[in-house]
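# Architecture at a glance
So you can see what is in the structure, the chains are spelled out below.
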Amino acid sequence: IVENLPEGSKVLISFDFDPAYKPELAPQAYAVLRHCFRKKHKVVAMGLWVTGVGLAKEIVSKTAREAKAVDGEDYVYLGWKPGNFAVIEAMGSDIHNCFTKESSQRAIGSVKMMQNIRKLSDFDVVISLAAGSPGIDTWIAYGADKYKFKMSGGTTAVNVPSMAQYVQSGQMTGLIGAMRAAAEYEF
């Protein structure tokens, strides 16, 4: 889906994993972010797992530096908020009210690229890179089905069979399944 979006599209990437799943999901995250930055998409990153905050920030920062992407203009890292599905539902109607500040403590309203992004349906695609729950299934049940946005994702090998059903049903536009699929995606 990232390839077919017009330049400058708005992409939300949710890092729904922690360091225990880094071997399988970090390669997916790097590949997706590099692809987004190469296509000049506007990236908003966040996560539903508090244990993954540091890893997510590291991955976003590294890929942004590589791409010479500008914080606040080309990407923003929102961080994490407690609440799982409640965060998704709150973002469905007002991201600025849900995340009043991004991870560097700037007010969301002062971040240039966030001025035209108010709710989940403003994104051209939402991508959940997930090791379990909350993750892809949570984003679909409480977000995509309700707020009508395109959904895509990546997951660990053990979760591929249960997540593939969402691609088959049309609830997701694509799925990166584990390390092999991440390598294929990079290629």
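Let us look at the structure shown here. (Residues numbered from 1 in each chain as written. Predicted model: local features only at pLDDT ≥ 70, side-chain atom pairs only at ≥ 80, totals over all residues. Heavy atoms only, no water.)

### A closer look at the packing of aromatic side chains
In this structure the tally under the stated criterion is four aromatic pairs. Between F37 and Y75, the aromatic rings sit 6.0 Å apart at their centres with planes inclined by 75°, giving edge-to-face as the arrangement. Linking F37 in helix α1 (residues 22-38) with Y75 in strand β3 (residues 75-80), this pair joins segments that are 38 residues apart in sequence. The pair formed by F37 and Y75 is uniform in burial state, with each residue classed as buried. (Phe/Tyr/Trp six-rings, centres within 6.5 Å; stacked < 30°, edge-to-face > 60°. Helix = DSSP H or I, 4+ residues; strand = E, 2+ residues; numbered from the N terminus. Buried < 20%, exposed > 50% of the residue type's maximum accessible area, 1.4 Å probe, protein only.)

### A look at helix α7 (residues 178-186)
Owing to its 3.6 residues per turn, the α-helix brings residues three or four apart onto one side. Taken together, the buried positions of α7 are A178, A181 and A182. Taken end-on, α7 shows its buried residues confined to a sector of 105°, consistent with a single buried face. Turned more than 90 degrees away from the buried face of α7 sit R180 and E184, all of them exposed. Residues of α7 that are buried make contact with α1, β5 (151-155), α6 (160-168) and β6 (175-177). (Arc of directions from axis to C-beta. Contact = heavy atoms within 4.5 Å.)

### Observations regarding the sheet that holds β5
With parallel pairing, the six strands of this open sheet are ordered in space as β3-β2-β1-β4-β5-β6. Here the strands that pair on one side only, and so sit at the sheet edges, are β3 and β6. In this sheet, neighbouring strand axes are inclined to one another by 15° on average, regardless of whether the strands run parallel or antiparallel. Where strand β1 (residues 10-16) and strand β2 (residues 42-47) come together, five bridges link them in parallel fashion. Bridge pairing links S14 to M46 in β2. Strands β1, β2 and β3 of the sheet are contacted by helix α2 (residues 53-67), whose axis makes an angle of about 175° with β3. α6 rests against β5 and β6 of the sheet, and its axis sits at about 160° to β6. (Pairing = 2+ DSSP bridges. Axes fitted to C-alpha atoms, helices over the stretch in contact; angles between N-to-C directions.)

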